[in-house]
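# Overview (structure and organization)
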Amino acid sequence: MKLISTLLFFILVCIFVVKGQVNCVTDSSDVSCANYQYPLANITSDINNLCLMMPYMPVCTIQQSCNQVSSTSGICDPFSILGDSCLHDMPGMSGCSNFKKLCGSGSVVQQCSTVDSVTNLPTTMQMWANIQSICNEMTMTGCEKCTKLNATCDVLTVYSTLCLAMPEMSQCANWTSMCASTGNMAGSSISSGICTEAPTPTPSQTPTTDCLVNPADSNCVNYVYPTANITADINKLCVSMPYMPVCTIQQSCNQASSTSGICDPFSILGDSCLHDMPGMSGCSNFKKLCASGSVVKQCSTVDSITSLPTTMQMWANIQSICTEMSMAGCEKCTALNATCDVLTVYSTLCLAMPEMSQCANWTSMCASTGNIASSSISSGICTDAPTPSTNCFTNPADPNCADYVYTAANATTDIGNLCKSMPYMTACSIQQSCNQASSTSGICAPFSILGDSCLHDMPGMSGCSNFKKLCASGSVVEQCSTVDSISNLPTTMQLFAGIKSICTEMAMDGCEKCSGNSPTTTCDVLPVYSSLCMAMPDMSQCANWTKMCSSSGQLYSSEITSDYCVASVADAIPIMRMYFHTGILDYILFKSWVPRTDRQFAGSWFAIFFFAIFFELEKTLRSILEKRWAPKKKDSDDDNELINSSFLKGSYPKFSYRDIIRGCLHAIELTCSYGLMLVAMTFNVALFFAVIAGVLVGNILFGRYRNYTPRVTCCE
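Note that the structure is a prediction, hence the values are computed from the model and not measured. (Residues numbered from 1 in each chain as written. Predicted model: local features only at pLDDT ≥ 70, side-chain atom pairs only at ≥ 80, totals over all residues. Heavy atoms only, no water.)

## Quick notes on the overall build of the chain
Summing up its helical and strand segments, the chain has 32 helices and 2 strands in all. For the chain, the proportion of its 716 residues judged to be buried stands at 43%. Relative to all contacts within the chain whose residues are 6 or more apart in sequence, the contacts with residues 24 or more apart total 67%. If you sum the accessible surface of the chain, you get close to 36900 Å²; carbon and sulfur atoms cover 57% of it. (Helix = DSSP H or I, 4+ residues; strand = E, 2+ residues; numbered from the N terminus. Buried < 20%, exposed > 50% of the residue type's maximum accessible area, 1.4 Å probe, protein only. Contact = heavy atoms within 4.5 Å. Areas by Shrake-Rupley, 256 points an atom, 1.4 Å probe, with all protein chains shown as cover.)

This is the structure in structure tokens:
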């Protein structure tokens, strides 16, 4: 008995001990749990459960980094790592179940208050959203790892890599807060690679002199950063962002075999590190060497390009230009990636149309007071390819240039350049029409076609460069005074605006060609606008067309007038006019019934005339039959059917074949009536009176029979 009592006592003690240990997780408010320590094995197991489910979570990266540096204190304490996820990131995951119970509301467990979570650590989804936003705007090293949120996308590492390259991006605000000097991440043993760049792996390319560490040292005055290191830094920048301006500048300088002035490698590096992308890793040594207080003379000799726009400024301007209109070069920059050489594309667009507001940065960069305009790499960036060297281009006021003639071949080449950039321009349509008409005189002279664009439409485009020089103010070149520009020719954008306004109000043939928000290669604005206005010339949007096609203008009397002003009757589209008018061109009931000759119109008139007579004949026939079918009084009871329904109770005629005939005749009469009404509604005076004349003659011929009661023979 004593043995049994002893066993029971020990069992009860064990139960109480076990119960006390469990209560700290299930009842963390128990005062006996104050000194409870959640076992390390359990913590590690919980973190592993989290990372098994979501290996891309920040805590997984933090745990791995802490293991690599063999640290288990501060933010590397396993319980703190678990807290990073369970307090701020993914508290709903099963791996956080025990943590939440242990450190829930009212908990007295002191271990919970010692959690050293990473200050301002963004959540998994915040980092993922920022990565997506950055990589949608531009292609950067690391983006390829996070096309999807899966095991290959280590969000903390990738996000940190992107923000170390460009810390000034708005999407890096969370990273900046996390890595602030007041936080616990910046001074930790795992900050390298997250908040600071990892040590450069190739010491041979990283100078170890004190001038990088302490550039204010007087011994560093004559220090020169090695060219090999400069080139390595530029290459590092261009590997990450091959579309940066410095990459284009370096390539242009190499082609020109120039290494001085703005082509000095240290100056090229300065273009990026001083003004464009100072936060990128390739600028690390430059920033150290030329930091505030530096005495290194080389830093003061940097010949940066004056007013060079940043990568993002150029990209924004390219996007703005290409959104407004389609130009040669836009297709290269649909996305900010390796195919989009922003400096080259931006310069190409602005050389074509330098007066665009988006080209203000380019104008400042290429100003004569800047250092790129007079450099060996200005061609293609600030100036077009070399222009003809005749004196008449450089000095058209010279009396010797009076008889100078700009050849048709040159003018045609210039038009070709214009149409290559903007194939929808009015000058391109006119040239095509003139070629089809085999005309090269008057408004079809190549120099006149060029003038249509360069005088009134797109004078800022590069294809107009020679024309503007030759026919500048003070020019004595007689050819300039003989330009036969089309009077009142609307500009390309005026035509497009007119098309959009018309097509917004109503759907017409041709509108589908210009459905975009800006002209494209499918939208040949002059032919489309002209076809719309030839169909409905009274629209207010056609005021420009009316002026252009005025009988006093030269387009009206030219060989190409039928393309834009006066369509031939064989091809013309009938005009909808809701008022009485004369003429032969009208739709008659069907799309294919359009008389285009006098004989066709005369035939149509008589067809309508006899149709109206037939209408009167049909009405008379129906009237005669109705009277003939009218029952006589003596047999009316035999023909009637008795219906006992409470609703239709009474005596009614029986159904017979006559009802079918009556219905068919009524349908024919109604069809003829509406058909004649629609003909009258063409408002064509001749067709209207064809209806009236036919009804009149038909009534005279057959109207009297409607009041005649036919005699029925005995045998019917």
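Structure's up, so let's keep going.
## Considerations on the side chain of Asp46
Along the chain, Asp46 falls in helix 2 (residues 40–53). For Asp46, which is buried and forms no salt bridge, the nearest opposite charge comes from Lys101, at a distance of 10 Å. (Lys, Arg positive; Asp, Glu negative; His and termini not counted. Salt bridge = Lys/Arg side-chain N within 4 Å of Asp/Glu carboxyl O.)

## So, the nonpolar core
Counting residues in each nonpolar core, the largest one holds 174 residues, and the members touching the most others are Met140 and Met327. When near neighbours in sequence (up to four residues on either side) are disregarded, Met140 contacts Ile134, Leu162, Ala165, Met166, Met169, Ser240, Met241 and Tyr243. Ile588, Val679, Ala690 and Val691 belong to the second-largest nonpolar core, a separate cluster that totals 11 residues. (Core = buried A, V, L, I, M, F, W, Y, C linked by side-chain atoms within 4.5 Å.)

## Here's the deal with the state of the cysteines
Inspection of every chain in the model, using the stated rule, returns 26 disulfides. Each sulfur of the disulfide joining Cys51 and Cys60 lies 2.1 Å from the other. Negative torsions about the S-S bond denote left-handed disulfides, and the value of about -110° found for Cys51 with Cys60 makes this one left-handed. Each member of the pair, Cys51 as well as Cys60, carries the same accessibility label: buried. Disulfide pairing is shown between Cys333 and Cys340; the S-S distance is 2.0 Å. Taking the sign of the torsion about the S-S bond as the criterion, the disulfide between Cys333 and Cys340, at about 95°, is right-handed. (Disulfide = S-S within 2.5 Å.)

## Let's talk about the packing of aromatic side chains
Tallied over the entire structure, the rule returns 15 aromatic pairs. On the basis of an interplanar angle of 40° and a centroid distance of 5.0 Å, the ring pair of Phe266 and Phe286 is categorised as tilted. Within this pair, whereas Phe266 is found in helix 13 (residues 265–276), its partner Phe286 is found in helix 14 (residues 284–289), the two being separated by 20 residues in sequence. By relative accessible area, which is 2% here, Phe266 ends up buried. Assessed through its relative accessible area of 2%, Phe286 is described here as buried. Three or more aromatic residues link up through ring pairs in this structure, and these residues are Phe393, Tyr404, Tyr406, Phe447 and Phe467. (Phe/Tyr/Trp six-rings, centres within 6.5 Å; stacked < 30°, edge-to-face > 60°.)

## Focus on unusual backbone geometry
Positioned with a positive phi, Ser307 is a non-glycine residue whose angle comes to about 55°. The residue Ser307 is located in the loop between helix 15 (297–300) and helix 16 (311–324) in this model. A relative accessible area of 42% means that Ser307 is categorised as partly exposed. Residue Phe683 is not a glycine yet carries a positive backbone phi of 60°. Inspection of the secondary structure assignment puts Phe683 in the loop between helix 31 (657–680) and helix 32 (685–702).

## Regarding a nonpolar patch on the surface
A cluster of nonpolar side chains, Leu589, Phe590, Leu670, Tyr674, Met677, Leu678 and Met681, forms an exposed patch at the surface whose accessible area comes to about 690 Å². Following the sequence through the fold, Leu589 ends up in the loop between helix 28 (561–564) and helix 29 (598–629). What makes Leu589 partly exposed here is its relative accessible area of 43%. (Patch = residues over 30% accessible without salt bridge, like charges linked within 9 Å, V, L, I, M, F, W, Y side chains within 5 Å.)

## A few points about the environment of Asn42
Mapping Asn42 onto the fold places it in helix 2. Spatially, the C-alpha atoms of Asn42 and Asn98 are 9.2 Å apart, while their sequence positions differ by 56 residues.

## Here we look at the confidence of the model for the chain
Detailed reading of the predicted model is not advised wherever pLDDT is low. Of the residues in the chain, 88% have a pLDDT of 70 or more, and the chain-wide mean is 82. Here helix 30 (residues 636–639) stands out as the element of the chain with the lowest mean pLDDT, 53, in contrast to helix 32, whose mean of 91 is the highest. Predicted confidence for residues 200–208 stays below pLDDT 50, and this span has 12 contacts to residues more than four positions away or in other chains. Between residues 385–389, whose pLDDT stays under 50, and residues either more than four places distant or in other chains, the model counts 5 contacts. (pLDDT = per-residue confidence, 0-100.)

## Some words on helix 12 (residues 245–255)
Counting buried residues along helix 12, 8 of its 11 residues qualify, which places the element largely inside the surrounding structure. Where helix 12 is concerned, the buried positions are Pro245, Val246, Cys247, Thr248, Ile249, Gln250, Ser252 and Cys253. Buried-residue contacts for helix 12 involve helix 11 (227–240), helix 13, helix 16 and helix 17 (342–352). One or two positions beyond helix 12, positive phi appears at Ser257, with a value near 50°.

## Looking at the pattern of salt bridges
A complete count under the given rule lists 4 salt bridges for this structure. Taking the shortest distance from any N to any O, the salt bridge between Arg622 and Glu669 comes out at 3.1 Å. Residue Arg622 is located in helix 29, and its partner Glu669 is located in helix 31; the two are separated by 47 residues in the primary sequence. Several salt bridges converge on common partners, so that one network encompasses Glu626, Asp659 and Arg662.

## Examining the packing of helix 29 against helix 32
Direction vectors running N to C along helix 29 and helix 32 enclose 35°, while the axes themselves pass 7 Å from each other. In this structure, helix 29 meets helix 32 at a crossing whose hand is right-handed. Between helix 29 and helix 32, the contacting residues are Phe601, Trp605, Ile608, Phe609, Ala612, Ile613, Glu616, Leu617 and Thr620 on the first element and Ala686, Leu687, Phe689, Ala690, Val691, Ala693, Gly694, Val695, Val697, Gly698, Asn699 and Phe702 on the second. When the residues that make up the contact of helix 29 with helix 32 are grouped by side-chain class, the tally is 16 nonpolar, 4 polar and 1 charged. (Axes fitted to C-alpha atoms, helices over the stretch in contact; angles between N-to-C directions. Left-handed = near helix turned anticlockwise from the far one by under 90°. Nonpolar A, V, L, I, M, F, W, Y, C, P; charged D, E, K, R; others polar.)

## Digging into the packing of helix 16 against helix 17
Remark: helix 16 packs on helix 17, axes separated minimally by 9 Å, with the N-to-C direction vectors making an angle of 45°. Taken together, helix 16 and helix 17 sit at an angle that is classed as oblique. Two packed elements cross with a definite hand, and for helix 16 against helix 17 that hand is left-handed. Residues Thr311, Met314, Asn317, Ile318, Ile321 and Cys322 of helix 16 touch helix 17, and the partners they reach there are Val342, Leu343, Val345, Tyr346 and Leu349. Considering only residue class, the contact of helix 16 with helix 17 consists of 9 nonpolar, 2 polar and no charged. (Parallel < 35°, antiparallel > 145°, perpendicular 65-115°, else oblique.)

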